[in-house]
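# Observations on chain architecture
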Amino acid sequence: MTFTRRAFIQTSLAGVSAWALRKHEIETDVAIIGGGIGGCAAALAALEMNCRVVVTEPTDWIGGQFTQQGVPPDEHQWIESFGATRTYREFRAAIREYYRRSYPLIVPDVQHLNPGSCGVSRLCHEPRATLSVLRERLAPYISRGRLQILLNVTPKAASVTLDRVEAVQLQSGVVLRARYFLDATEDGALLPMTGTEFVMGAETDTRELHASQRPGPDNMQAPTWCFAMEFRPGENHTIDRPAEYEYWKDYVPPLSPPWPGKLLSLTYSHPITLEPRTASFDPRPGAQTENFNLWTYRRLIDPALFAPDTYAGGISLVNWPQNDYMEGNLFAEDDTSVHLMRARQLSLSLFYWLQTEVPHEDGGQGWPGLRLRGDILGTPDGLAKAPYIRESRRIKARFTVIEDHVGQEARLGMNRAESFPDSVGIGSYRIDLHPSTRGDNYIDVASLPFEIPLGALLPERMENLLPACKNIGVTHITGGCYRLHPVEWNIGEAAGALAAYCLSRNTTPHGVHERHLKDFQGVLGRRGVELRWPDSVY
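Now for a look at the structure at hand. (Residues numbered from 1 in each chain as written. Predicted model: local features only at pLDDT ≥ 70, side-chain atom pairs only at ≥ 80, totals over all residues. Heavy atoms only, no water.)

## Points about the overall build of the protein chain
A tally of regular secondary structure across the protein chain gives 14 helices and 19 strands. At 23 Å, the protein chain has a C-alpha radius of gyration in line with the 24 Å of a compact globule built from 538 residues. For the protein chain, the residues scored as buried account for 62% of the 538 residues in total. Just so you have it, the protein chain exposes about 20200 Å², and 49% of that area is on carbon and sulfur atoms. (Helix = DSSP H or I, 4+ residues; strand = E, 2+ residues; numbered from the N terminus. Rg over C-alpha atoms; globule rule 2.2 N^0.38 Å. Buried < 20%, exposed > 50% of the residue type's maximum accessible area, 1.4 Å probe, protein only. Areas by Shrake-Rupley, 256 points an atom, 1.4 Å probe, with all protein chains shown as cover.)

## What to know about the packing of helix H12 (residues 485–505) against helix H14 (residues 517–526)
Their axes nearest at 11 Å, the elements H12 and H14 cross at an angle of 125°. As summarised for this structure, H12 and H14 are arranged oblique, according to the angle between their axes. For the pair H12 and H14, the crossing hand works out as right-handed. Residues Ala 494, Ala 497, Leu 498, Tyr 501 and Arg 505 of H12 form the contact with H14, whose participating residues are Asp 519, Phe 520, Val 523 and Leu 524. Split into classes, the residues belonging to the contact of H12 with H14 amount to seven nonpolar, no polar and two charged. (Axes fitted to C-alpha atoms, helices over the stretch in contact; angles between N-to-C directions. Parallel < 35°, antiparallel > 145°, perpendicular 65-115°, else oblique. Left-handed = near helix turned anticlockwise from the far one by under 90°. Contact = heavy atoms within 4.5 Å. Nonpolar A, V, L, I, M, F, W, Y, C, P; charged D, E, K, R; others polar.)

## A look at the pattern of salt bridges
On inspection of all chains with the given rule, the structure shows 43 salt bridges. Arg 232 serves as the salt-bridge partner of Glu 235, at 3.0 Å between the closest nitrogen and oxygen. The exposure class assigned to Glu 235 is partly exposed, which follows from its relative accessible area of 32%. We note a salt bridge from Arg 299 to Asp 302, for which the minimum N-O separation is 3.6 Å. Across the pair, Asp 302 and Arg 299 agree in class, each one buried. Look at the salt bridges and you will find they share partners, linking Glu 230, Arg 232, Glu 235, Arg 371, Arg 373 and Asp 375 into a network. (Salt bridge = Lys/Arg side-chain N within 4 Å of Asp/Glu carboxyl O.)

## Observations regarding the nonpolar core
By size, the foremost hydrophobic cluster in this structure holds 133 residues, and its most contacted members are Val 30, Val 53, Leu 182, Met 229, Phe 281 and Tyr 482. At twelve residues, H12 tops the list of elements feeding residues into this core. For Tyr 482, the contacting residues outside a window of four places in its chain are Val 401, Val 406, Phe 420, Phe 450, Glu 451, Ile 452, Pro 453, Ile 472, Val 474, Val 487 and Ile 491. In this structure, Ile 33, Ala 158, Leu 190 and Ala 397 belong to the second largest nonpolar core, which totals 22 residues. (Core = buried A, V, L, I, M, F, W, Y, C linked by side-chain atoms within 4.5 Å.)

## Details of the side chain of His 434
You can see His 434 is positioned in the loop between strand E16 (431–433) and strand E17 (443–445). A distance of 2.7 Å separates polar atoms of two side chains, one belonging to His 434 and the other to Asp 324. Filtering out sequence-adjacent residues up to four positions away, His 434 remains in contact with Gln 221, Ala 222, Asp 324, Arg 390, Tyr 442 and Arg 483. (Polar contact = N/O pair within 3.5 Å; in protein donor to acceptor, adjacent residues only side chain to side chain.)

## Overview of a nonpolar patch on the surface
A cluster of nonpolar side chains, namely Ile 106, Val 107 and Val 110, defines an oily patch on the protein surface of about 230 Å² accessible area. You can see Val 107 is positioned in the loop between helix H4 (86–102) and helix H5 (127–143). (Patch = residues over 30% accessible without salt bridge, like charges linked within 9 Å, V, L, I, M, F, W, Y side chains within 5 Å.)

## Digging into H12
In this model H12 runs 30 Å from its N-terminal to its C-terminal C-alpha over 21 residues, within 8% of the 30 Å that 1.5 Å per residue would give. Of all 21 residues making up H12, 19 are buried, and the element is well covered by its neighbours. One or two residues past the end of H12 sits Asn 506, with phi positive at roughly 55°. (Expected span 1.5 Å × (residues − 1).)

## Focus on the packing of H4 against H12
Packing of H4 against H12 leaves a shortest axis separation of 9 Å and a crossing angle of 130°. Taken together, the axis directions place H4 and H12 in an arrangement best described as oblique. Two packed elements cross with a definite hand, and for H4 against H12 that hand is right-handed. In contact with Thr 87, Tyr 88 and Phe 91 of H4, H12 contributes His 485, Pro 486, Trp 489 and Glu 493.

## Some remarks on the packing of aromatic side chains
Summed over all chains, the structure comprises 26 aromatic pairs. Centroid distance Trp 259 to Tyr 442: 6.3 Å. Interplanar angle 25°. Geometry classified as stacked. On the criterion of sequence distance, the pair formed by Trp 259 in the loop between helix H7 (245–249) and strand E9 (267–269) and Tyr 442 in the loop between E16 and E17 is long-range, its members being 183 residues apart. Relative accessible area serves as the criterion here: at 5%, Trp 259 is assigned to the buried category. Under the relative-accessibility criterion, Tyr 442 is labelled buried at 7%. Three or more aromatic residues link up through ring pairs in this structure, and these residues are Tyr 98, Tyr 99, Tyr 103, Phe 306 and Tyr 311. Across from the ring centre of Phe 292, 5.3 Å away, lies the NZ or CZ of Arg 277, which sits over that ring. (Phe/Tyr/Trp six-rings, centres within 6.5 Å; stacked < 30°, edge-to-face > 60°. Lys NZ or Arg CZ within 6 Å of the ring centre and 35° of its normal.)

Shown next, in the form of structure tokens:
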């Protein structure tokens with residue numbers, strides 16, 4: 001919904017005196033709604049370019065996927081050498097230094113330290129480590145009064161005049177007035193609030209090679225409510241049977257092509273081939289399994305890297321196919337609260353199943369020594385503070401990236417993704433769509449190392465609102481490769497730098513695209529933002 005300034009004051013602040021209104025207003029250069037990966041990167045860029053910044057965050061932890069969602073970084077194969085911004089590489093280095101400085105590591109001098117020795121990432125680590133590093137990086141700006149971070153707040157309404165956002169009201173009653181607003185929310189919440197044109201779900205008209213056969217705004221990638229667990233041999237930490245356990249124990253995902261059986265099973269659809277794939281699960285340190293061991297897949301702590309008796313059996317983060325929630329949308333339906341509750345029940349049911357029924361390769365079932373580690377995620381119940389939402393509302397952009405630009409099969413005969421003259425960064429990840437909320441099984445196809453075009457960060461109409469997360473001009477399909485950690489950081493950094501550039505040059509984002517592109521790309525280059533992939537990757 002779009003509000004005029006008068007309507008905004010009348011509907012949201014009725015009966016509040018002018019003195020109280022001023023008291024509850026904050027004015028700044030850049031207001032960033034959402035303190036996730038993109039929001040933090042945007043804040044750092046704008047701060048380093050001499051802006052005053054306010055960041056809002058709906059939980060009490062900044063860091064998004066890294067922290068309150070508990071998702072270790074998914075990154076490409078070149079990440080240790082190139083393929084990310086300088087600030088992202090500095091962030092990764094700071095994580096490793098945090099462990100070397102604070103933990104009893106047996107191998108503190110290893111160059112590419114991976115605390116979890118996990119299978120999915122070269123830097124699997126605890127969410128609290130990211131939180132500590134981000135807080136340390138932002139602390140000097142808070143001390144100098146240049147940055148305010150407002151925790152436990154969400155946007156409630158917006159004041160819009162023509163094509164400009166004037167203010168955003170938070171549920172706390174605080175009103176933010178800024179010259180630029182960045183939507184870094186996990187679900188693109190600011191877009192409908194400001195009347196910004198957006199797309200949601202699977203489109204009907206992109207003609208992409210792997211477009212969903214079930215188009216519609218309610219057909220989105222399944223979200224996941226992650227949890228952390230440790231293994232304590234010889235102990236029993238079995239939780240009470242979750243209320244919906246019987247439902248989830250027998251649940252077969254209603255997907256096409258079909259899922260191979262029950263969701264709570266070690267057999268699931270291979271993401272690429274969709275053929276049945278069977279994993280193993282054995283949390284014992286040093287266990288050798290016949291199949292891929294889910295315990296080590298996203299393990300956060302490998303006890304073998306730390307001094308003896310530091311960890312009994314290690315800590316693992318569960319973000320698996322078995323707790324992808326496919327029953328509905330977590331942010332855009334009337335019964336959102338029901339879906340949030342049921343997504344939590346699915347994850348608790350999976351954990352209970354692991355404690356009591358998961359089969360052992362050598363006979364037997366269940367691992368009662370598994371224990372939820374809510375302290376690792378900053379919660380009392382062991383689940384993450386927020387669900388991992390893979391797909392957001394997306395702006396209708398000046399330019400939209402489609403599969404023809406980045407998909408390997410769609411670009412048959414070409415060994416490079418589309419080169420965008422207006423590139424503001426690069427990324428690489430497969431087009432990886434998890435099973436959807438309306439019946440699609442995995443869509444997981446190869447992509448080529450790609451660029452991030454500035455046009456995809458520009459709303460068709462709005463002048464001072466920018467996306468800073470996975471809400472840029474991508475499709476349901478290409479959002480599958482533009483949604484991961486280093487790409488989101490790059491998007492946020494580019495958006496924050498763009499807002500600061502516009503303020504310093506008295507221009508607009510569209511004006512930068514039309515008249516100042518080379519100069520802005522030069523600013524990004526001096527910040528260490530890579531705009532092109534080296535020839536060596538092809």
